[in-house]
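# Tertiary structure, described
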Amino acid sequence: MSVGQGFGIDIGGSGIKGAPVDLETGQLAADRLRIDTPQPATPKAIARVAKQILDHFSWRASVGCTFPAVVRRGVTMTAANVDDRWIELDADALLEGITARPVHVLNDADAAGLAEMRYGAGRGVSGVVIMLTLGTGIGSAIFGDGRLLPNTEFGHLEIRGKAAERRASDRVRKDKGLSWDKWAARLEEYLHTMEDLLWPDLFIIGGGVSKHHHAFLPLIRTRTQIVPAALRNEAGIVGAALEASRIKAV
Ligand code: BGC
């Protein structure tokens, strides 16, 4: 039986990307559309871009939308790397108002993790799986026997007196011009702390930098098995579409 299509939008600090998703295979059903994130990235400006993307694909049904912050029942609670106007905002309601479609917003790393668990590197893996997205910040998604514990914020775990994402995100690597060796050492220290606290069975490393996994994963030693994400940059879109289909379309 076909489970049909869903639609996912991935809101990030530099771009907003969306596409219809084949929920059976986890593949995009059409080329994604990417639009630069408006600056300032106010809720209304972002919602208008989301509408533009949905109109482009003539998508009328429910939509999943990622956001790089804690999201509880559709309300964005934090704004570590985004405009402060998102704090304690009913993002579901705002986006539904502007796009005129049912919208479900969820944390970006949680969405990426859901996609990897269903279609990618975490498929069929039981026990504790930690997905980390390395980008502007560090996002975390933790699964116990395939079930997500939402809104974990382990990118903010303190390492040497600083939030981990201020030491080991991909943005820090680029901004400081760190070699793969130097950055891998920072990442390894972070992963050691995570494994000492959470004892995972598997780490999945995602985010844009995961396409360069050959350059840095071989430099990292952990007692936990560590693999690159399979869906790469599309995981957010796919996970958002999956979540929306579960919550509102059924
Ligand atoms: C935010 C998280 C988000 C991560 C990746 C962090 O700064 O606090 O909610 O998942 O960045 O975008």
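None of these values were measured; they are calculated from a predicted model.

### Points about unusual backbone geometry
Cis rather than trans, the peptide bond between Gln39 and Pro40 has omega equal to -5°. Examined against the element boundaries, Pro40 turns out to sit in the loop between strand S4 (33-36) and helix H1 (43-56). Phi is positive for Ala100, which is not a glycine, with a value near 60°. Within the secondary structure layout, Ala100 lies in the loop between helix H2 (91-99) and strand S9 (103-107). In this structure, Trp199 takes a positive phi of about 45° despite not being glycine. Inspection of the secondary structure assignment puts Trp199 in the loop between helix H6 (180-198) and strand S15 (202-206).

### Observations regarding the pattern of salt bridges
Counted under the stated rule, the structure contains 12 salt bridges. As a salt-bridge pair, Arg160 and Glu189 come within 2.9 Å of each other at their nearest N and O atoms. Within this pair, whereas Arg160 is found in the loop between strand S13 (158-159) and strand S14 (162-163), its partner Glu189 is found in helix H6, the two being separated by 29 residues in sequence. Residue class for Arg160 comes out exposed when judged on its relative accessible area of 65%.

### Concerning the domain arrangement of the protein chain
Under the domain assignment used here, the protein chain contains domain 1 (5-110 + 234-249) and domain 2 (123-229). One C-alpha centre belongs to domain 1, the other to domain 2; they are set 24 Å apart. Across the boundary between the two partners, domain 1 contributes nine residues, which contact 14 residues of domain 2. Of the roughly 830 Å² buried between domain 1 and domain 2, counting both surfaces, carbon and sulfur atoms make up 46%. When the area that domain 1 buries against domain 2 is broken down by residue, the three leading residues are Asn81, Ala109 and Asp110, summing to 61%. In this structure, the connection of domain 1 to domain 2 is made through zero salt bridges. Linking domain 1 to domain 2 there are two residue pairs in polar contact (both at pLDDT 80 or more). Listed by contribution, the elements that provide at least two residues to the side of domain 1 that touches domain 2 are strand S6 (71-72) and helix H3 (108-119). For the side of domain 1 that touches domain 2, the per-class residue count stands at five nonpolar, two polar and two charged.

The rules we used
- Residues numbered from 1 in each chain as written.
- Predicted model: local features only at pLDDT ≥ 70, side-chain atom pairs only at ≥ 80, totals over all residues.
- Heavy atoms only, no water.
- Helix = DSSP H or I, 4+ residues; strand = E, 2+ residues; numbered from the N terminus.
- Salt bridge = Lys/Arg side-chain N within 4 Å of Asp/Glu carboxyl O.
- Buried < 20%, exposed > 50% of the residue type's maximum accessible area, 1.4 Å probe, protein only.
- Domains from an automatic or database assignment.
- Contact = heavy atoms within 4.5 Å.
- Buried area = accessible area lost by both parts, 1.4 Å probe.
- Polar contact = N/O pair within 3.5 Å; in protein donor to acceptor, adjacent residues only side chain to side chain.
- Nonpolar A, V, L, I, M, F, W, Y, C, P; charged D, E, K, R; others polar.

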